[in-house]
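Secondary and tertiary structure notes
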Amino acid sequence: MGVVVLGYITPRNKSTAGAPMNEPPRKQHISVYSLDPVSNETLVLRAPPGQMTLLILVDQANKKELFVEAQKAIKYQIERMEGWQFSYLQVDEYSSWYEQLTNRALDTQDVKKVIGNILAINAHRMYYCLYNARTQIAAYRASQQYSQVNPESVGFGDSDSDTDDGNELHIDNFYAPLPMWIDRLYDGSTPRIRVTEWPTIDPR
C-alpha cells in the first residue's frame, strides 16, 4: 500500500495554545493512501461508521501535481475533517474498480476525462458524492466572470487552462471550487449516489 505525504497542518488545540512563543508549533502530516487490493479493505469494504474517504482519481503522469493542487485547496479545512481518510486511485492501473462502481466501461479517452475527479465515500452508509473537477471549475470560472472579477486574479487566463489538450491536463487552480464543495458536503446538500455493494479492486 503506497503512502504519500500530501502536506502538513498545525493543530489548533489546547495543547498548543500554552506552548512557549519561541517553540515551533507541532505539525502533523497528511497521509494519502493508494487504493489497492489491500487498502480497499480498510478504506472502503470494512470502513467503520463515521469514516469518510476522500478519493482522488489520478494517473501516473499527473499524480504529484494533483496532490499539490488538492492540498492547496483544502489546507484550511483539514483540521475539521476528523474521521476522514485521504486516498487516491490510479485509474490507468485500476480502472476496473471505477468501472464496477459506476457500471460503465472506460476506454482510454474516458480514463482521461475522469482524472482529477474526487469521490467522497461514506462506505458504511453505502453512498458516495462526486466532485466532477471539469464541471466544477467551468461553473466556478463562469461565476467569476459573471461577477466581473478579473479571471487572471483567480488564476484563470486562457479558456483552455482547465481542460484536456491531447494528453496534457492543465491543473493550475484545478481545485479552486473544492472548499465550497466540501462545505456543501458537510451540510448535506451534495447529491448522494447510492450503491448496493462496493467493488473489489483488481489490476487492469
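Values in this document were obtained by computation on a predicted structure and should not be read as measured data. (Residues numbered from 1 in each chain as written. Predicted model: local features only at pLDDT ≥ 70, side-chain atom pairs only at ≥ 80, totals over all residues. Heavy atoms only, no water.)

1. Re the pairing of strand β3 (residues 52–58)
Applicable threshold: Relative accessibility decides the category of a residue: with a 1.4 Å probe and only protein chains considered, values under 20% of the type maximum give buried, values over 50% give exposed, and everything between is partly exposed. Numbering of helices and strands runs from the N terminus, with a helix taken as a DSSP run of H or I at least four residues long and a strand as a DSSP run of E at least two residues long. The criterion for strand pairing is that DSSP finds at least two bridges linking the strands in question.
Counting buried positions along β3 yields 7 of 7 residues, so the element is predominantly enclosed. Residues M52, L54, I56 and V58 point to one face of β3 and T53, L55 and L57 to the other, with burial holding for every one of them. Two elements, β3 and strand β4 (residues 84–90), share 7 bridges in a ladder whose sense is parallel. Across the sheet, residue V58 finds its bridge partner in β4, namely Q90.

2. Structural notes on the pattern of salt bridges
Opposite charge on two side chains lets them pair, provided their charged atoms get close. Condition: Here, a salt bridge means any side-chain nitrogen of Lys or Arg that lies within 4 Å of a carboxyl oxygen of Asp or Glu.
Applying the stated rule across the entire model yields 2 salt bridges. In this structure, R46 engages E41 in a salt bridge whose closest nitrogen and oxygen atoms are separated by 2.8 Å. Judged by its relative accessible area of 66%, R46 falls in the exposed class. Here E69 and K72 are joined by a salt bridge, their closest N and O atoms 3.2 Å apart. Highlighted residues: E69 and K72, both in helix α3 (residues 63–74), separated by 3 residues, approximately one helical turn. You can call K72 partly exposed: its relative accessible area is 42%.

3. Re the pairing of strand β5 (residues 118–122)
Across the 5 residues of β5, 5 count as buried, placing the element largely inside the fold. Burial along β5 is two-sided: the residues I118, A120 and N122 and L119 and I121 are all buried. Pairing between β3 and β5: 4 bridges, direction antiparallel. What sits directly across from L54, in β5, is A120. Note that β5 and strand β6 (residues 127–131) share 5 bridges and pair antiparallel. Residue pairing in the sheet places L119 in a bridge with L130 of β6.

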